[in-house]
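Structure at a glance
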Amino acid sequence: MPPKSRFTRLDAFTKTVEDARIRTTSGGIVTIVSLIVVLWLAWGEWSDYRRIVIHPELIVDKGRGERMEIHMNVTFPKIPCELLTLDVMDVSGEQQHGVLHGVKKVRLQPASQGGGVIDVTALALHSEDEAATHLDPNYCGPCYGAPAPSSATKPGCCNTCDEVREAYAQASWAFGKGEGVEQCTREHYAEKLDEQRNEGCRIEGDIRVNKVIGNFHFAPGRSFSNGNLHVHDLKNYWDSPVRHSFEHEIHQLRFGPQIPEDVTRKHAKNSPWTNHHINPLDEVKQLTDDPNFNFMYFVKVVPTAYLPLSWSKSKYVGTQYEDSAWLGNLGNAIDGSMETHQYSVTSHKRSLAGGDDAAEGHQERLHARGGIPGVFFSYDISPMKVINREERAKTFTGFLTGLCAVIGGTLTVAAAVDRGVYEGATRLKKLQSKNL
């Protein structure tokens, strides 16, 4: 027998000799069942450790001088692309009249003919279709009293119909069909406009705006500023043999990049983080036959960040990253993190002729007279920011703690069950022996 050490008295795990142990069939069954239970519970602990959850946080948005992208896909079945204009303006004073870059106009057949696609035009300054390459290189077209636009291909000249229209817009003059304008006659502008009267139009693409209170809108005619007023040349809209209107369907409208589908599917059961909640205007449709009608959407935008487990603070932050990001890609980082926006919306519609809502049972509700027909989106930026951060459901230390609890608890319960079965069997045998 080995000599006792000073730690012998501290041994809390006393041993029994093999001869003093009793092995029973019930004990073997309890051992197998407890082993199965331990493996099952241990697998549950491992699955829980591997599970990823989204932990939402709400903070004050301290970003400054940021920009955001608006992604849109809107169909107007009763107004041609030639009459439709997209403008953007905000409280900082920045205005984008007749937005061109990043937007496509898709000409659509009339709804009675199925509404199929006729042509897709990527809008851009000085496109090849508008360039007057067949003219004399020394040709300098007149601007008919208006100052030449700064965007003209040849400085001081208006060589195309579009340049004349731009010059008139900058001078705050109505243009009409371009009667008596040499460039428009040469390009058959009036004939092309009349040919498209029955067509529809779909606007799709991305625009980049300042992250401040602002609005963007779709309205008829070329737009221009007259003092502090934003004005549209509505002559071709009103003087039309075809009845136009701003009936529309919003296929998609979002502020910032779209959350990937695999992420939404992964967290759909445990989180309200879904694309449906981010884009409440998707698939919204508004009907009207009144050309003198106005639709307004008031949008409250909430900055939202998505940070995956692989997230690390990017060195491309702030204005440097925003300036280098391609249009349509702002907010996506290499590490999988994403800066996007959720929004809530309320809508209002009214006839520009004024009146009340007696037809809807609200005679007391009055509408102002006047305005511009179109679809207007006014957006406001929330000062709060939501951060959705991916995290492990538990740490590795928590996993080890749970595993030890599973093993110890199961064995303790199994020992108690085995002891109870053994004692019960022993007492039963004693009773049977007395009866004999």
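The text that follows walks through the structure, step by step, so that each part is easy to find.

Cut-offs and rules
Residues numbered from 1 in each chain as written. Predicted model: local features only at pLDDT ≥ 70, side-chain atom pairs only at ≥ 80, totals over all residues. Heavy atoms only, no water. Helix = DSSP H or I, 4+ residues; strand = E, 2+ residues; numbered from the N terminus. Buried < 20%, exposed > 50% of the residue type's maximum accessible area, 1.4 Å probe, protein only. Contact = heavy atoms within 4.5 Å. Areas by Shrake-Rupley, 256 points an atom, 1.4 Å probe, with all protein chains shown as cover. Disulfide = S-S within 2.5 Å. Phe/Tyr/Trp six-rings, centres within 6.5 Å; stacked < 30°, edge-to-face > 60°. Lys NZ or Arg CZ within 6 Å of the ring centre and 35° of its normal. Expected span 1.5 Å × (residues − 1). Polar contact = N/O pair within 3.5 Å; in protein donor to acceptor, adjacent residues only side chain to side chain. Salt bridge = Lys/Arg side-chain N within 4 Å of Asp/Glu carboxyl O. Patch = residues over 30% accessible without salt bridge, like charges linked within 9 Å, V, L, I, M, F, W, Y side chains within 5 Å. Pairing = 2+ DSSP bridges.

Scanning the protein for helices and strands turns up nine helices and 18 strands. Residue burial in the protein is summarised as follows: out of 436 residues, 39% are buried. Restricting to contacts in the protein with at least 6 residues of sequence separation, those with at least 24 account for 77%. Surface summary for the protein: the accessible area is close to 25700 Å², and the carbon and sulfur share equals 57%.

Moving on, we get to the state of the cysteines. Counting across every chain of the model gives four disulfides. Between the sulfur of C161 and that of C184 lies a disulfide, 2.0 Å long from S to S. The disulfide joining C161 to C184 has a torsion of about 85 degrees about its S-S bond and is therefore right-handed. Separated by 23 residues along the polypeptide, C161 in helix α2 (residues 161-170) and C184 in helix α3 (residues 182-187) bring together distant segments of the chain. Here C161 matches C184 in class, with each residue buried. Taken in sequence order, the bonded cysteines of the protein link in the pattern 1-8, 2-4, 3-5, 6-7.

Under the definition given, this model contains 19 aromatic pairs. A centroid spacing of 5.2 Å and a plane angle of 55 degrees characterise the contact between F76 and F218, whose relative ring orientation is tilted. With a gap of 142 residues between them, F76 in strand β2 (residues 67-76) and F218 in strand β8 (residues 214-220) connect regions that are remote in the sequence. Assigned by exposure class, F76 and F218 land together as buried. A ring pair is formed by F218 and F377, whose centres lie 6.3 Å apart and whose planes are at 85 degrees; its orientation type is edge-to-face. Note that F218 is positioned in strand β8 and F377 in strand β17 (residues 374-381), a separation of 159 residues in sequence. Residue F218 shares its accessibility class with F377, and that shared class is buried. Here the aromatic residues F76, F216, F218, Y237, W238, F246, F255, Y297, Y343, F377 and Y379 are joined through ring pairs into a cluster of three or more. It is R392 that lies over the ring of Y49; its NZ or CZ is 5.9 Å from the centre.

Among the structural elements, G116 can be located in the loop between β5 (103-108) and β6 (117-122). For G116, a relative accessible area of 27% corresponds to the partly exposed category. A C-alpha to C-alpha distance of 9.8 Å links G116 and V106, two positions 10 residues apart in sequence. Non-local contacts of G116, meaning those with residues more than four positions away in its chain, are made with R107, L108 and Q109.

A separate point is helix α9 (residues 396-435). The end-to-end C-alpha separation of α9 is 58 Å, in line with the 58 Å expected for 40 residues at 1.5 Å each. All buried positions along α9 are accounted for by F399, G402, V406, T410 and A414. Contact partners of the buried residues in α9: α1 (25-50).

Along the chain, the position of H244 falls in the loop between α5 (235-238) and β11 (248-255). Side-chain polar atoms of H244 contact the backbone oxygen of K78, separated by 3.3 Å. Polar contacts involving the side chain of H244 include one to the side chain of R197, which spans 3.4 Å.

On to the pattern of salt bridges, then. In this structure the tally under the stated criterion is 21 salt bridges. A salt bridge links E82 to R165; its shortest N-O distance comes to 3.1 Å. With E82 in the loop between β2 and β3 (84-90) and R165 in helix α2, this residue pair connects regions lying 83 residues apart in the sequence. Judged by its relative accessible area of 27%, E82 falls in the partly exposed class. By relative accessible area, which is 13% here, R165 ends up buried. Across the pair R165 and D162 runs a salt bridge whose closest N-O atoms are separated by 3.7 Å. Separated by three residues within a single helix, R165 and D162 lie in helix α2, roughly one turn from each other. A relative accessible area of 26% means that D162 is categorised as partly exposed.

Let us look at a nonpolar patch on the surface. Among the surface-exposed residues, I29, V33, V37, W40 and L41 lie close enough to one another that they form a single nonpolar patch of about 470 Å² accessible area. If you trace the backbone, I29 turns up in helix α1.

This part takes up the pairing of strand β18 (residues 384-392). Of the pairings in the sheet, the one linking strand β1 (residues 52-60) to β18 comprises nine bridges and is antiparallel in character. Counterpart to P56 in the pairing with β18 is N388. Examined bridge by bridge, strand β13 (residues 293-307) and β18 share four bridges and lie parallel to one another. Bridging from a neighbouring strand, L307 pairs with R389 of β18.

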